[in-house]
Amino acid sequence: VQLQASGGGLVQAGGFLRLSCTASGRIFSRSALAWFRQAPGKERQFVSAITWGTSSTYYADSVKDRFTISRDNAQNTVYLQMNSLKPEDTAVYYCAADRNFDPRTRYNWKVYNDWGQGTLVTVSS
């Protein structure tokens, strides 16, 4: 699966952005698409995931109640709506696909099979 992420940009604290991740190729029902982020000098961090078969959603505690993940099957696209953005949300955001998703390992970026190129989100204070 090839992934194309877009939608990053510069926004003030309290603002919002919507990221998109479009997948080319077949996505199986046991797969999940996820968002990770990586700030300079920090580890890649799980943000959110959505399963393709059941649309179950998962969030990191740091973004829960502010970010919403959704999908459009017809467009093979996953969205990450980010509201109430904070300076600490500043990072490069990556979308990733896990072809055989197990929610117990969702935080581990190494289990994800395919990655998009990343899109930069900068939140100014």
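Since the model is a prediction, treat every value here as computed from it, not as a measurement. (Residues numbered from 1 in each chain as written. Predicted model: local features only at pLDDT ≥ 70, side-chain atom pairs only at ≥ 80, totals over all residues. Heavy atoms only, no water.)

Draft legend 1. Spotlight on unusual backbone geometry. Located in the positive-phi region is Ser55, a residue other than glycine, with phi close to 60°. Examined against the element boundaries, Ser55 turns out to sit in the loop between β5 (45-51) and β6 (57-59). Even without being a glycine, Asn76 presents a positive backbone phi close to 50°. Along the chain, Asn76 turns up in the loop between β7 (67-72) and β8 (77-82). (Helix = DSSP H or I, 4+ residues; strand = E, 2+ residues; numbered from the N terminus.)

Draft legend 2. Here's a closer look at the environment of Ile27. As for its placement among the helices and strands, Ile27 is situated in the loop between β3 (17-24) and β4 (32-38). For Ile27, the residues in contact, after removing those within four places along its chain, are Leu33, Trp52 and Asn76. (Contact = heavy atoms within 4.5 Å.)

Draft legend 3. Inspection of the sheet that holds β8 at higher detail. Pairing in this open sheet of four strands is antiparallel, and the strands run β1-β3-β8-β7 from one edge to the other. Either end of the sheet is taken by a strand with one partner, and the two such strands are β1 (2-6) and β7. Averaged over neighbouring strand pairs, the angle between their axes works out to 15° when direction is ignored. Bridge analysis of β7 against β8 gives six bridges, and the strand direction is antiparallel. Residue Arg71 lies in a different strand from β8, and its bridge partner there is Val78. (Pairing = 2+ DSSP bridges. Axes fitted to C-alpha atoms, helices over the stretch in contact; angles between N-to-C directions.)

Draft legend 4. Broad picture of the nonpolar core. Judged by nonpolar contacts, the single largest core of 38 residues is most densely connected at Trp35, Phe46, Phe67, Leu80, Met82 and Tyr93. With sequence-adjacent residues up to four places away left out, Phe67 is seen in contact with Arg37, Val47, Tyr59, Leu80, Gln81, Met82, Asn83, Leu85, Asp89 and Tyr93. (Core = buried A, V, L, I, M, F, W, Y, C linked by side-chain atoms within 4.5 Å. Buried < 20%, exposed > 50% of the residue type's maximum accessible area, 1.4 Å probe, protein only.)

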